[in-house]
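Examination of the molecular architecture
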Amino acid sequence: MPMHNTDVIIAGGGLAGSLAAAMLGRAGIRAMVIDPHPVYPPDFRCEKLDGPQMRTLELTGLADAVRRASTADRECWMARFGRIVEKRPGDQQGIMYDTLVNTMRGEVSGSASFLQAKVTDIAAGPERQTVKTSTGAEISARLVVVATGLNVGIREKLGVTREIVSAGHSISIGFDAVPGDPRGFPFPALTYFAESPADRMAYITLFPIGAAIRANLFGYRHLHDPWLKQLRDAPRETLYAMWPGLRPLMGEFTVPEFVKIRPVDLYVTEGYRRPGVVLVGDAFGTSCPAAGTGARKVLVDVERLCNVHIPRWLATPGMGEEKIAAFYDDPVKQASDAYSTAKAFGLRSFTLDTSLAGAARRWGKFVLHWGKGTTRRVHAPQAPVNVADDDEHAPALARGASARK
Ligand SMILES: Cc1cc2nc3c(=O)[nH]c(=O)nc-3n(C[C@H](O)[C@H](O)[C@H](O)COP(=O)(O)OP(=O)(O)OC[C@H]3O[C@@H](n4cnc5c(N)ncnc54)[C@H](O)[C@@H]3O)c2cc1C
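Residues numbered from 1 in each chain as written. Predicted model: local features only at pLDDT ≥ 70, side-chain atom pairs only at ≥ 80, totals over all residues.

1. Things to note about the overall build of the protein
Where we set the bar: Secondary structure elements follow DSSP: runs of H or I of four or more residues count as helices, runs of E of two or more count as strands, with numbering from the N terminus. The quantity called the radius of gyration is restricted to C-alpha atoms. Its globule counterpart is 2.2 Å times the number of residues to the power 0.38. Between the buried cut of 20 or more and the exposed cut of 12 or fewer other C-beta atoms within 10 Å of a residue's own C-beta lies the partly exposed class, and all C-beta atoms are placed from the backbone. In this description, a residue-residue contact is defined by the distance between C-beta atoms placed from the backbone, which must lie within 7 Å.
Counting its regular elements, the protein contains 13 helices and 21 strands. At 22 Å, the protein has a C-alpha radius of gyration in line with the 22 Å of a compact globule built from 405 residues. The buried share of the protein, taken over its 405 residues, is 46%. In the protein, the proportion of contacts linking residues at least 24 apart, taken out of those at least 6 apart, comes to 75%.

Structure below.
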């Protein structure tokens with residue numbers, strides 16, 4: 001089989017890889033994304049993008065396509081102990097993960113193409129890279145972007161290792177909630193915070209995707225915790241037994257399909273500074289879904305890589321380690337990674353801390369939401385408030401955003 005040539009091979013066509021291919025195709029850079037699935041299959045992952053994520057997406061040129069395929073939440077009610085403390089102007093777009101990735105794939109055109117195959121080997125060096133696929137193809141390129149998500153095979157072949165920094169860090173639960181009242185739920189979208197650290201759950205968020213209301217529940221229970229089986233068998237009763245204050249807000253509802261439950265390990269990679277290859281998204285490191293920073297990390301990684309670094313790298317000969325290092329050392333990427341890590345551990349301790357100080361922090365946040373809600377009711381409508389704006393780690397990301405300029 002003859003050797004194909006291109007400038008950039010992207011191994012993996014999930015969120016990171018498909019977005020990268022769409023951006024490079026629009027920029028006129030020859031690129032090929034390789035993935036075994038011609039259509040990204042249904043998968044329980046990120047199911048909405050918040051305001052900061054949509055703003056990063058604006059920088060990629062793909063925001064309009066995602067907006068067309070997703071559902072705006074219009075307004076989000078924030079509640080705890082059965083009380084609505086704030087009604088925020090909506091800034092979230094609900095979208096199932098497969099729809100999100102397939103929307104990105106639909107934007108792959110121009111000088112970028114899609115190849116259905118599995119990458120089986122990568123030989124990387126400071127000049128050209130060779131990729132072998134499951135279909136027997138050999139492709140030569142100046143750069144390989146590794147966007148293979150949680151899959152370890154390709155990283156191991158490159159000699160990149162994985163260090164788990166928090167095993168079973170959090171648990172993500174997803175289901176559709178169908179209201180008993182034919183008029184629907186009273187809220188456009190709702191975020192309900194845990195009532196006690198003993199719940200070992202951080203919050204539930206309900207938001208529209210098309211005509212359905214999707215529920216994402218995030219917490220810190222072991223996968224074999226019997227509570228999870230109870231939740232799967234009787235979602236409404238189990239939820240209301242834990243958070244009685246949620247019942248008056250949601251009322252009767254049914255769950256038509258299987259409740260999806262996924263544990264997440266937090267890991268970082270080591271030995272990734274190599275010539276000819278660059279790792280992005282979950283292939284570089286995971287984030288905590290409860291903190292909602294996974295998609296943000298992917299979007300920041302790919303935006304910086306495709307808007308800034310790849311065009312610079314291709315402008316001069318060679319693809320040595322020093323070129324690739326500029327991406328990992330990018331201050332915007334570093335701020336995004338640091339924010340993601342801080343938020344993953346910060347939210348966990350905020351939720352589980354049984355000390356008086358922990359209780360005071362949770363009450364402080366409750367009062368802060370109440371204050372914002374009251375101010376918003378009193379004054380004229382304001383610009384949307386972002387989830388990141390009211391937490392203690394937001395300054396790190398703000399610093400990153402200013403470094404973009
Ligand atoms: C349960 C769950 C809930 C989440 N919820 C949120 C949330 O609410 N908010 C948020 O911001 N983030 C959330 N995240 C995180 C976010 O979804 C991920 O960070 C993001 O999807 C990672 O995208 P990716 O492109 O790196 O990986 P993926 O989308 O997994 O893509 C990897 C791709 O690589 C392909 N591939 C693998 N091996 C090969 C190979 N050898 N050759 C070719 N292709 C290959 C796969 O087929 C796949 O298409 C959640 C994650 C999980 C697990």
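Still to come is the rest of the account.
2. Digging into the sheet that holds strand β4 (residues 48–49)
The line we're drawing: A pair of strands counts as paired when DSSP detects no fewer than two bridges linking them.
Ordered in space as β4-β8-β5, the 3 strands form an open sheet in which the pairing is antiparallel. Here the strands that pair on one side only, and so sit at the sheet edges, are β4 and β5 (71–72). The pairing of β5 with strand β8 (residues 93–94) spans 2 bridges and is antiparallel. The partner of Thr71 across the bridge, within β8, is Gly94.

3. Some words on the sheet that holds strand β21 (residues 277–279)
Inclusion rule: A fitted line through C-alpha atoms represents every axis, and for helices the fit uses only the stretch in contact; the resulting angles, taken between N-to-C directions, go from 0 to 180 degrees.
With parallel pairing, 5 strands are arranged side by side in an open sheet as β9-β3-β2-β13-β21. Only two strands of the sheet have a single neighbouring strand rather than two, namely β9 (112–116) and β21. Mean inter-strand twist for the sheet, computed between neighbouring axes without regard to direction, equals 20°. Of the pairings in the sheet, the one linking strand β13 (residues 143–146) to β21 comprises 3 bridges and is parallel in character. Across the sheet, the residue bridging to Val145 is Val278, located in β21. Those strands touched by helix α1 (residues 15–26) are β2 (8–11), β3 (31–35), β9 and β13, and its axis lies near 160° from that of β3.

4. Some details on the site of the ligand
The following threshold applies: In this entry, near means the residue's backbone-placed C-beta atom lies within 6 Å of the molecule or strand. In this count, Pro and Cys sit with the nonpolar residues alongside Ala, Val, Leu, Ile, Met, Phe, Trp and Tyr, while Asp, Glu, Lys and Arg are called charged and the others, Gly among them, polar. The domain limits used here are those given by an automatic or database domain assignment.
Taken together, 39 residues surround the ligand, and among them Gly12, Gly14, Gly149, Gly281 and Gly294 come closest. Breaking the shell around the ligand down by element, the ones donating at least two residues are α1, β3, α5 (153–158), β20 (260–270) and α9 (294–314). Sorting elements by how many residues they give to the shell around the ligand places α9 first, with 4 residues. Split into classes, the residues belonging to the shell around the ligand amount to 17 nonpolar, 16 polar and 6 charged. When we break the shell around the ligand down by domain, the ones giving at least three residues each are domain 1 (4–68 + 95–165 + 265–346) and domain 2 (168–263 + 351–396).

5. Here's the deal with the environment of Ser349
Looking at the secondary structure, you find Ser349 in helix α11 (residues 331–352). Note: C-alpha distance between Ser349 and Pro197 (152 residues apart in sequence) is 9.5 Å.

6. Observations regarding the domain arrangement of the protein
What the domain assignment reports for the protein is domain 1 (4–68 + 95–165 + 265–346) and domain 2 (168–263 + 351–396). Computed over C-alpha atoms only, the centres of domain 1 and domain 2 are separated by 30 Å. With 21 residues of domain 1 at the interface, the matching set in domain 2 holds 20 residues. Within the residue set of the side of domain 1 that touches domain 2, elements represented by two or more residues are α2 (51–58), β20 and α11. At 7 residues, α11 tops the list of elements feeding residues into the side of domain 1 that touches domain 2. Looking at the side of domain 1 that touches domain 2 residue by residue, the class counts come to 13 nonpolar, 3 polar and 5 charged.

7. Some remarks on the packing of α9 against helix α10 (residues 321–328)
We count it as follows: Roughly parallel here means an angle under 35 degrees, roughly antiparallel means over 145, roughly perpendicular means 65 to 115, and every remaining angle is called oblique. Each crossing gets its handedness from the near helix: less than a right angle anticlockwise from the far helix is left-handed, clockwise is right-handed.
Direction vectors running N to C along α9 and α10 enclose 160°, while the axes themselves pass 10 Å from each other. The angle between the axes of α9 and α10 places the two elements in the roughly antiparallel class. In terms of crossing hand, the pair formed by α9 and α10 is right-handed. Only Lys323, Ala326 and Phe327 of α10 make contact with α9, whose side of the interface consists of Arg304, Leu305, His309 and Trp313. Its residues assigned to classes, the contact of α9 with α10 comprises 4 nonpolar, 1 polar and 2 charged.

8. Details of the pairing of strand β17 (residues 201–209)
Counting buried positions over the 9 residues of β17 gives 8, a clear majority of the element. Summarising the sheet, strand β16 (residues 190–193) and β17 pair through 4 bridges and their orientation is antiparallel. In the sheet register, Thr191 faces β17, and the bridge partner there is Thr205. Examined bridge by bridge, β17 and strand β18 (residues 212–219) share 8 bridges and lie antiparallel to one another. Its bridge partner being in β18, Thr205 is matched across the sheet by Asn216. The antiparallel hairpin formed by β17 and β18 contains 2 residues in its connecting segment, where Gly210 sits at a positive phi of about 60°.

9. Remarks on the packing of α1 against α9
With their axes 10 Å apart at the nearest point, α1 and α9 run at an angle of 30° to one another. Regarding the angle of α1 to α9, the classification is roughly parallel. Two packed elements cross with a definite hand, and for α1 against α9 that hand is right-handed. Note on element contacts: α9 touches α1 through Ala295, Val298, Asp301, Val302, Leu305, Cys306 and Ile310, opposite Leu15, Ala16, Leu19, Ala20, Met23 and Leu24. Classifying every residue of the contact of α1 with α9 by side-chain character gives 12 nonpolar, no polar and 1 charged.

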